[in-house]
Amino acid sequence: MRDVQVVEEELAEIAGIQDDLTKFERIVAWSAVHPDEVVFAIRFLGGRSRGLERWIEQHTPPETT
């Protein structure tokens, strides 16, 4: 998963769109480009941020050194 702050900024920008059709189209396009982050987006946009940090930890591949 990409940097959480970047993902949140993108989703906040989409959430701020007033026109529902445009917002829907942006969500679909964003989801197609970032399919591994869709669950995160659903929780974020649905206002259910509780447990997101745990989900991120579970779905982030370990760093290799």
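Before any of the text, the structure's been laid out above.
Residues numbered from 1 in each chain as written. Predicted model: local features only at pLDDT ≥ 70, side-chain atom pairs only at ≥ 80, totals over all residues. Heavy atoms only, no water.

### Things to note about the packing of helix 1 (residues 4-15) against helix 3 (residues 38-45)
As a packed pair, helix 1 and helix 3 sit with axes 11 Å apart at the nearest point and diverge in direction by 55°. Taken as axis vectors, helix 1 and helix 3 run oblique relative to one another. Where helix 1 crosses over helix 3, the two elements pack in a sense that is right-handed. Along the contact surface, helix 1 presents Val4, Val7, Glu8, Leu11, Ala12 and Ala15, while helix 3 presents Phe40, Ala41, Phe44 and Leu45. Per-class residue counts for the contact of helix 1 with helix 3 are nine nonpolar, no polar and one charged. (Axes fitted to C-alpha atoms, helices over the stretch in contact; angles between N-to-C directions. Helix = DSSP H or I, 4+ residues; strand = E, 2+ residues; numbered from the N terminus. Parallel < 35°, antiparallel > 145°, perpendicular 65-115°, else oblique. Left-handed = near helix turned anticlockwise from the far one by under 90°. Contact = heavy atoms within 4.5 Å. Nonpolar A, V, L, I, M, F, W, Y, C, P; charged D, E, K, R; others polar.)

### What to know about helix 1
One full turn of an α-helix is made of 3.6 residues, so residues set three or four places apart face in the same direction. For helix 1, which comprises 12 residues, the first-to-last C-alpha distance of 16 Å matches the rise-based estimate of 16 Å (1.5 Å per residue) to within 8%. Val7, Leu11 and Ile14 are the residues of helix 1 that are buried. With its buried residues spanning 55° around the axis, helix 1 presents them on a single face. Across helix 1 from its buried face, at more than 90 degrees, point the exposed residues Gln5 and Glu13. The secondary structure elements touched by the buried residues of helix 1 are helix 2 (20-33) and helix 3. Two or three places before glutamine 5, at the opening of helix 1, aspartate 3 has a side-chain oxygen 2.9 Å from that residue's backbone nitrogen. (Expected span 1.5 Å × (residues − 1). Buried < 20%, exposed > 50% of the residue type's maximum accessible area, 1.4 Å probe, protein only. Arc of directions from axis to C-beta. Polar contact = N/O pair within 3.5 Å; in protein donor to acceptor, adjacent residues only side chain to side chain.)

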